[in-house]
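# Breakdown of the fold
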Amino acid sequence: MLDSRLIRLIDGEGGRATSRLVREVFLERFKSPSLNALCDSAIRAVRGGELAFTTDGFVVDPLFFTGGNIGKLAICGTVNDLSAMAAKPIMISAAFIIEEGFEIERLERIVEGMAEAAPEAGVEISAGDTKVVPRGKADGIFITTSGIGEVVGFARRPELIRDGDALVISGDIARHAGAVVAVREALRAEPPIESDCAPLWNMVESALEAAPQIHAMRDPTRGGLGGILCELAEQSEKRFVVEESAIPISPQIHNLCELFGYDPLFMACEGRMLFALPAESAPALLEALRSSQYGRMAAIIGRVEAGSGVVMNTRFGGKRLIVEPEGAPLPRIC
Amino acid sequence: MCLAYPGKIVRIEGDTGEVDFGGFTKMVNLMLMPAAKLGDMVLVHAGFAIGATTEQDAEETRDVLRRIDSAFVPEEPR
Amino acid sequence: MQKCLEIIPDGVRLNFMEVCGTHTMAIARMGIRASIGEKIRLISGPGCPVCVTSEEDIALSLQIAAVKDVIITTFGDMMRVPAGGKCLLDAKASGARISTVFSPMNSLEIASENPNSKVVFLGVGFETTSPAIAATVLRARERRIDNFFVLPMMKLVTPALRYLCEHPDLTIDGFILPGHVSTIIGEEPYRFIPQQYSKPCVITGFGEEDIARGLLQLTKMTVEKRPSLENAYSRAVPREGNQSAVEIAERVFEPVFAMWRGIGGLPLSGLGLREEFKRFDARAEFDLPQTEIALEPNCRCGDVILGKIQPTQCPQFGHKCLPTNPLGPCMVSSEGACAAYYKYREV
């Protein structure tokens, strides 16, 4: 039972509080098999193949950050959720809730962000809606999207993950969260701390051609790489073993996390994909990823074994169990 | 008890200083280190420089990354 | 690590206490508790500022948060600490204005931007953090910011160390001393530990090599029965510490009686505002009735903090007491001994 009748911020931060809210408030009432699978998109068989369908909400603060804005984020998040199921994005809808008094000039920059990202993923924004609420009733602008995609080959699912699979991440982690902290804490940086926000369909398409046997994919967002490792391990009922020293992270982001007391494993990404595939196809996948502009730092970070949970071999030769935090990391002194 | 991280003072303005933590800088209060000068390595806790440290300290905490850097520096894609 | 284990004779198991919560976290992140477990038992001490904050002080923070036109500023560590089943997150959901800050100084900007609100900074921390809070009070007075207040809950580490050394049934062979507290107070304040209680202790840094070096020096002194004070973090801890910081803290604060969660009352172990700065004291500004807090009956955080039991020996650990339903602050604070154990349960 939810212990407090009020929605709290933590219930929206992508940690276990959020999954508890989803389970107890939505899943129990909707009783929908597609929703209960808790994957990134719902799959529905149609004549001549399978369609993937997904939806997402965007309330990011700050609205603008180096490397993108809430508009670009909305398209990339939806494209990446479809790509994670090996579905080529074909249609996206976007609904806007805008606060009275929001500057038109900023709205234009947001829409431009969306208009750039969509064609790059070859998807059309084919439905939309806009509502305005009185001043003070919304925090500037909220965007909700939904997206439909055509599954290429077969839909990749956690259930397909096998013992001995390799785990590959397409780039360095925690970059989006770093860009947001840089704005909030007025950090100055050369080169600027840039979000990894990017539409990944083209990269995933070339990955699927180079390694058709990919078993499962998932794009880390709010909960970071650690969040989806825990999610996939649980949904595939396997144990994931990862090497801390193999997880790519830029020195800039590592130092930022150490200064503010954040664990980069659980800091948000917005343009990364995790792959689980047979180990022998991992080199081919790496080569394909590294030749894409969003996969330069792709790396094999671990493997799949029988068992449960996520275990990390630390840089220092120790072992630790990776457990999802209750909510988003907060700046700490201790 | 207290997270503190090393950085180098690259600019001083009154009792605040711009400190480089390796890839970014942040304004830090120097009231607790009146003798701090340009180029000093300082430990920063809760937005304040609390003590001097050595270049080696920064190396050691960032060295951790050198081991990682080598792990993921990609060869030129063929 | 290997060297430590080699010099400890077989069949001998040493109990070392890492006093500081940041050490607890770093040790857990390294994942070494298991690998050295059968010869060295690392016990987490009272070194996490949120962990040792009394329930009464947390309840008072929640009461102040609920007062009209009050803005609470706090380090993130305090947001999820419960008292009587409620924490600052719940207070925020009920309409309280609370913002997490990286530095106490940020409170002054918020105070100037909200002239008709009272900004109250939750003052937690040890000797590392008190000078920063003192400097903020001095800056507020200098700039005549009169809507800024501090709720002083800061603690001093040496009274707690003395209490531990005198505790009859404590089986600690040696102490890993906090690195950054020592950057401020230097080496001298710990001298009494080897001299009066013949316990070896080592000031230790937070990098992996630092912790390995600290543990090795502590092990050598213990095995060779040579109790003394060593400084394995001299690059950041000069002998005399940072006297300007100590002076600023002493100008604004004075030692007072303080309640420590799990330990109880310790004289002159907390910090309160001196008479000259009383107008900044949130306790005086909001004289609210002292609420009685129903103590969580089966919460054994106190014994964990004292090192009497390991978190895993608490019957509630991992059952009723979970990150989703923390009974005591050791499970809530990401720095707490139980949270570190649960989060980094070694395999």
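Residues numbered from 1 in each chain as written. Chains lettered and ligands numbered in written order. Predicted model: local features only at pLDDT ≥ 70, side-chain atom pairs only at ≥ 80, totals over all residues. Heavy atoms only, no water.

### Let's talk about the overall build of chain B
Looking only at helices and strands, chain B features one helix and five strands. Each helix and strand of chain B, ordered N terminal to C terminal, gives the series β-β-β-β-β-α. Residues classed as buried in chain B amount to 55% of the 78 residues present. Of the contacts formed within chain B by residues at least 6 apart in sequence, a portion of 37% connects residues at least 24 apart. (Helix = DSSP H or I, 4+ residues; strand = E, 2+ residues; numbered from the N terminus. Buried < 20%, exposed > 50% of the residue type's maximum accessible area, 1.4 Å probe, protein only. Contact = heavy atoms within 4.5 Å.)

### Quick word on the domain arrangement of chain A
Residue and element names in this part refer to chain A. Split by domain assignment, chain A resolves into domain 1 (35–151) and domain 2 (158–322). Averaged C-alpha coordinates put domain 1 and domain 2 at centres separated by 22 Å. Together domain 1 and domain 2 conceal approximately 2100 Å² of surface at their shared face, both sides included; 61% is due to carbon and sulfur atoms. Of all residues in domain 1, the largest losses of buried area upon contact with domain 2 belong to Thr66, Asn80 and Glu120, amounting jointly to 26% of the total for that side. Linking domain 1 with domain 2 are zero salt bridges, by the criterion used here. Where domain 1 packs against domain 2, one counts seven residue pairs in polar contact (both at pLDDT 80 or more). Of all the secondary structure elements, the ones that give two or more residues to the side of domain 1 that touches domain 2 are strand 3 (64–65), helix 3 (70–83), strand 5 (87–99) and helix 4 (104–120). It is helix 3 that contributes the most residues to the side of domain 1 that touches domain 2, eight residues altogether. The class makeup of the residues in the side of domain 1 that touches domain 2 is 17 nonpolar, five polar and six charged. (Domains from an automatic or database assignment. Buried area = accessible area lost by both parts, 1.4 Å probe. Salt bridge = Lys/Arg side-chain N within 4 Å of Asp/Glu carboxyl O. Polar contact = N/O pair within 3.5 Å; in protein donor to acceptor, adjacent residues only side chain to side chain. Nonpolar A, V, L, I, M, F, W, Y, C, P; charged D, E, K, R; others polar.)

### Describing the sheet that holds strand 8 (residues 201–203) of chain C
All names here are of chain C. The strand order across the open sheet formed by five strands is 2-1-7-8-9, and the pairing between neighbours is parallel. This sheet does not close on itself; its edge strands, each paired only once, are strand 2 (40–44) and strand 9 (229–231). On average, each strand axis in the sheet is inclined to that of its neighbour by 20°, with strand direction left out of account. In this sheet, strand 8 lies alongside strand 7 (residues 174–177) in parallel orientation, the contact comprising three bridges. Its bridge partner being in strand 8, leucine 177 is matched across the sheet by isoleucine 203. Where helix 2 (residues 21–30) meets the sheet, it contacts strand 1 (14–18), strand 2 and strand 7, and its direction lies at approximately 120° from that of strand 1. (Pairing = 2+ DSSP bridges. Axes fitted to C-alpha atoms, helices over the stretch in contact; angles between N-to-C directions.)

### Side note on the pattern of salt bridges
Overall, the coordinates contain 36 salt bridges over all chains when judged by the stated rule. Across the salt bridge formed by A:Arg303 and A:Glu305, the nearest N and O atoms sit 3.1 Å from each other. Within the structure, one salt-bridge network assembled from shared partners comprises A:Arg188, B:Arg11, B:Glu13 and B:Glu18.

### Some thoughts on the interface of chain C and chain B
The interface is formed by 39 residues belonging to chain C together with 26 residues belonging to chain B. Buried surface at the junction of chain C and chain B, both sides included, amounts to about 2400 Å², of which 61% is carbon and sulfur. Connecting chain C to chain B are seven residue pairs in polar contact (both at pLDDT 80 or more). Broken down by secondary-structure element, the contributors of at least two residues to the side of chain C that touches chain B are helix 2, helix 6 (130–142), helix 8 (179–185), helix 10 (208–223) and helix 11 (243–252) of chain C. Looking at the side of chain C that touches chain B, the element that brings in the most residues is helix 6 of chain C, giving six residues. Grouping the amino acids of the side of chain C that touches chain B by side-chain chemistry returns 21 nonpolar, 11 polar and seven charged.

### A few points about the sheet that holds strand 3 (residues 70–74) of chain C
Residues and elements named next belong to chain C. Within the open sheet, the four strands sit side by side as 4-3-5-6. Their pairing is parallel. Looking at which strands have only one partner, the edges of the open sheet turn out to be strand 4 (97–100) and strand 6 (148–152). Ignoring which end each strand starts from, the neighbouring axes of this sheet average 25° apart. Packing of helix 3 (residues 55–65) onto the sheet brings it into contact with strand 3, strand 4, strand 5 (118–123) and strand 6, and relative to strand 3 it is tilted by some 140°. On top of the sheet, helix 6 reaches strand 5 and strand 6; it is set at about 155° to strand 6, its chief contact.

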